[in-house]
Amino acid sequence: FLYFIVFSQPKTKHLKKQTMTRFVKPGRVVLMTNGRFAGRKAVIVQSQDTKTKERKYGHALVAGIKKYPKRVVRGMSKRRIARRSNVGVFLRIVNQKHCFATRYNMDLSKELRGKLSVADAARKTKSRRLLKKVFQARHNANSNRWFFTKLRF
């Protein structure tokens, strides 16, 4: 008996170049994995996937929590509650490789669109003050609760 083995030619279709999905979009909550604020939660405000002249890597402007609010109980005075529920914020440009994206989103577009800038020290200070107001209002309104709790690990 003779066996004939027939090899079928692979059908080649015009393959599209696949691009990776952008997970580092504005509004995405990320965990900082490197630097002074490692382990802190932050939100991406602006994202730049391609490299630029001054930063030769994909980077993002993130707004995060430097100091988490502490737990308050009913027996505390109003002054003590106000002090303990303070939120400290940071604003900086980081490498996207130093951000760990989470499943959470936080919409900051209405309050902060085009208002945050880190071009010089004066603008950065002004932006940080605005950011603190927005984050404090969110915390006091009890929205985005997971974002304002300290990461335990």
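Please refer to the structure placed before this passage.
The following refers to the structure shown. The model shown is predicted, which means the values in this text are computed figures rather than measured ones. Once a new chain begins, its residue numbering starts again from 1 and follows that chain's sequence as written. Per-residue local features are limited, in this predicted model, to residues with pLDDT of at least 70; the limit for side-chain atom pairs, both in listing and counting, is 80 or more; totals at the level of whole chains, interfaces and linings are taken over all residues. Note that the side-chain values use all heavy atoms of the structure and ignore hydrogens as well as water.

Secondary structure elements follow DSSP: runs of H or I no shorter than four residues count as helices, runs of E no shorter than two count as strands, and numbering proceeds from the N terminus. Assigned secondary structure in the protein chain consists of three helices and five strands. If you list the helices and strands of the protein chain from N to C, you get β-β-β-α-β-β-α-α. Of all 153 residues assigned to the protein chain, the portion counted as buried reaches 31%. Residue contacts are counted whenever heavy atoms from the two residues lie within 4.5 Å of one another. Within the protein chain, counting contacts between residues at least 6 apart in sequence, those at least 24 apart form 64% of the total. Areas reported as accessible are Shrake-Rupley estimates using a 1.4 Å probe. Residue values count occlusion only from the protein chains shown. Carbon together with sulfur atoms contributes 53% to the accessible area of the protein chain, which is approximately 12,100 Å² in total. Burial here depends on accessible area, computed with a 1.4 Å probe over protein chains only, as a share of the maximum for the residue type. Under 20% is buried, over 50% is exposed, and the range in between is partly exposed.

On to helix 3 (residues 121-140), then. The span expected for a helix works out to 1.5 Å for each residue beyond the first. Across its 20 residues, helix 3 extends 28 Å between first and last C-alpha, which sits within 8% of the 28 Å expected from 1.5 Å per residue. Side-chain atoms alone can form a polar contact between residues adjacent in sequence; in general such a contact is a pair of N or O atoms within 3.5 Å, and within protein one must be able to donate a hydrogen while the other accepts it. The backbone nitrogen of A122 has a side-chain oxygen 3.2 Å away, supplied by the residue at the start of helix 3, namely D120. N142 lies just past helix 3 and shows a positive phi near 65°.

Turning to the sheet that holds strand 5 (residues 99-105), a few remarks are in order. When DSSP finds two or more bridges between a pair of strands, those strands are recorded as paired. Sheet architecture is open: five strands sit in the order 4-3-2-1-5, paired in antiparallel fashion. Here the strands that pair on one side only, and so sit at the sheet edges, are strand 4 (88-95) and strand 5. For this sheet the average axis-to-axis angle between neighbouring strands, irrespective of direction, equals 35°. Only C-alpha atoms enter the line fits that serve as axes; for helices the fit covers just the stretch in contact. Angles between N-to-C directions range over 0 to 180 degrees. Seen against the sheet, helix 3 touches strand 3 (59-67) and strand 4 and runs at an angle of roughly 120° to strand 4.

Together, R36, K66, K67, K70, R79, R83, R92, R128, R129, K132, K150 and R152 make up a positively charged patch on the protein surface. In terms of residue count, the dominant contributor to the positive patch is helix 3 (three residues). Considering the arrangement of structural elements, one finds K70 in the loop between strand 3 and helix 1 (78-84). Residues enter patches when they are more than 30% accessible in relative terms and free of salt bridges; like-charged ones are connected within 9 Å and nonpolar ones (Val, Leu, Ile, Met, Phe, Trp, Tyr) within 5 Å. Each reported salt bridge corresponds to a side-chain nitrogen of Lys or Arg within 4 Å of a carboxyl oxygen of Asp or Glu. Charged residues are defined narrowly, with Lys and Arg counted positive, Asp and Glu counted negative, and His plus the chain ends left uncounted. A charge is said to be at NZ when it belongs to Lys, at CZ for Arg, at CG for Asp and at CD for Glu.

Moving on, we get to the pairing of strand 1 (residues 28-32). Taken across its five residues, strand 1 has five buried, putting it largely inside the fold. Across the two faces of strand 1 the burial is the same, with R28, V30 and M32 and V29 and L31 all buried. Summarising the sheet, strand 1 and strand 5 pair through four bridges and their orientation is antiparallel. In the sheet register, L31 faces strand 5, and the bridge partner there is F100. With three bridges joining them, strand 1 and strand 2 (residues 41-48) adopt antiparallel strand pairing. Following the sheet pairing, V30 is matched in strand 2 by A42.

A word on the environment of Y68. With respect to the helices and strands, Y68 occurs in the loop between strand 3 and helix 1. For the pair Y68 and S85, spaced 17 residues apart in sequence, the C-alpha separation works out to 8.1 Å. Every residue in contact with Y68, bar those within four places of it in the chain, is listed here: G39, R40, K41, N86, F147, F148, T149 and K150. Here the side chain of Y68 touches K41 through a polar contact of 2.9 Å, landing on its backbone nitrogen.

A few words now on the packing of aromatic side chains. Side-chain rings of Phe, Tyr and Trp, where Trp is taken by its six-membered ring, are said to pair if the distance between their centres is within 6.5 Å; with planes under 30 degrees apart they count as stacked, over 60 as edge-to-face, and otherwise as tilted. Under the definition given, this model contains five aromatic pairs. Both rings, one in F37 and one in F90, keep their centres 4.0 Å apart while their planes meet at 0°; by these two values the pair is stacked. Pair noted here: F37 is in the loop between strand 1 and strand 2 and F90 is in strand 4, with a separation of 53 residues, a long-range link. Considering the side-chain rings of Y104 and W146, the 4.1 Å spacing of their centres and the 20° angle between planes classify their relative orientation as stacked. Residue Y104 is located in strand 5, and its partner W146 is located in the segment after helix 3; the two are separated by 42 residues in the primary sequence. Grouped by ring-pair contacts, the aromatic residues F135, F147 and F148 constitute a single cluster. Either the NZ atom of lysine or the CZ atom of arginine qualifies as a charge over a ring when it sits within 6 Å of the ring centre and within 35 degrees of the ring normal. The lysine or arginine in question, K41, covers the ring of W146, its NZ or CZ lying 3.8 Å from the ring centre.

Everything listed is a geometric property; what it means functionally is a separate question.
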